Amino acid sequence: MNIRTFGLAASLGLAALLGSTLARADDRLDQAIYHVNEAITQGGKLHDTGLLSYHADLALEKAEGLQKFKPNPHLAEAIVHIKAAIEEGRANHAEAGTAQAKEALSHLEEASKESAK
């Protein structure tokens with residue numbers, strides 16, 4: 001009886017672990033989109049290049065993590081533009097950084113559409 005109970009508990013624990021990993025993967029794209037939107041707001045409306053870079057960096061972390069887990073050409077292109085947005089922000093170029101973030105957002109949205117299929 002104890003072996004069955006242990007087996008059931010182990011199975012439930014494994015299912016919970018794998019289920020949370022899969023949910024986290026889908027959540028990364030939403031988080032990347034959120035942070036790119038924040039970067040656009042900070043750079044475009046508030047002209048704060050520090051926060052533009054900060055949010056772009058957070059978006060990059062999420063996008064790169066997802067790219068390793070679930071490769072996508074739109075996601076790869078978004079990563080290129082997010083990196084460019086970070087560099088422009090660090091160079092104090094709010095307009096150019098915002099433009100790069102907007103381009104990244106369009107690719108992230110395309111990646112999101114593909115993953116929804």
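Preceding this paragraph is the structure being described.
In this report, the structure presented in the accompanying data block is examined. (Residues numbered from 1 in each chain as written. Predicted model: local features only at pLDDT ≥ 70, side-chain atom pairs only at ≥ 80, totals over all residues. Heavy atoms only, no water.)

Counted according to the given criterion, the structure contains two salt bridges. For lysine 113, the salt bridge is made with glutamate 110, and the minimal N-O distance between the two is 3.5 Å. In this pair, lysine 113 and glutamate 110 both sit in helix α4 (residues 94–116), three residues apart, roughly one turn of the helix. Classification of glutamate 110 as partly exposed rests on a relative accessible area of 32%. (Salt bridge = Lys/Arg side-chain N within 4 Å of Asp/Glu carboxyl O. Helix = DSSP H or I, 4+ residues; strand = E, 2+ residues; numbered from the N terminus. Buried < 20%, exposed > 50% of the residue type's maximum accessible area, 1.4 Å probe, protein only.)

For histidine 47, which is not a glycine, the phi torsion comes out positive at approximately 55°. Considering the arrangement of structural elements, one finds histidine 47 in the loop between α1 (2–45) and α2 (49–69). In this structure, asparagine 92 is a non-glycine residue whose phi angle is positive, near 70°. Relative to the elements of secondary structure, asparagine 92 occurs in the loop between α3 (73–90) and α4.

Across its 23 residues, α4 extends 32 Å between first and last C-alpha, which sits within 8% of the 33 Å expected from 1.5 Å per residue. Taken residue by residue, α4 has Ala94, Gly97, Thr98, Ala101, Ala104, Leu105, His107, Leu108 and Ala111 as its buried positions. (Expected span 1.5 Å × (residues − 1).)

Looking now at the environment of glutamate 61. Its location among the elements puts glutamate 61 in helix α2. Judged by relative accessible area, which is 51%, glutamate 61 ranks as exposed. C-alpha of glutamate 61 to C-alpha of isoleucine 82: the two residues are 21 residues apart in sequence and 10.0 Å apart in space.

The next thing to look at is α2. For α2, with 21 residues, the first-to-last C-alpha span of 30 Å sits near the 30 Å given by 1.5 Å per residue. Considered for burial, the residues of α2 that qualify are Thr49, Leu52, Ser53, His55, Ala56, Ala59, Leu60, Ala63, Leu66 and Gln67. Angular distribution of buried residues about the axis of α2 spans 165°; they occupy a single face of the element. The exposed residues of α2 that point more than 90 degrees off its buried face are Glu61 and Lys68. Of the residues that open α2, the one with a side-chain oxygen 3.1 Å from the backbone nitrogen of glycine 50 is aspartate 48. (Arc of directions from axis to C-beta. Polar contact = N/O pair within 3.5 Å; in protein donor to acceptor, adjacent residues only side chain to side chain.)

Structural measurements only, silent on function.
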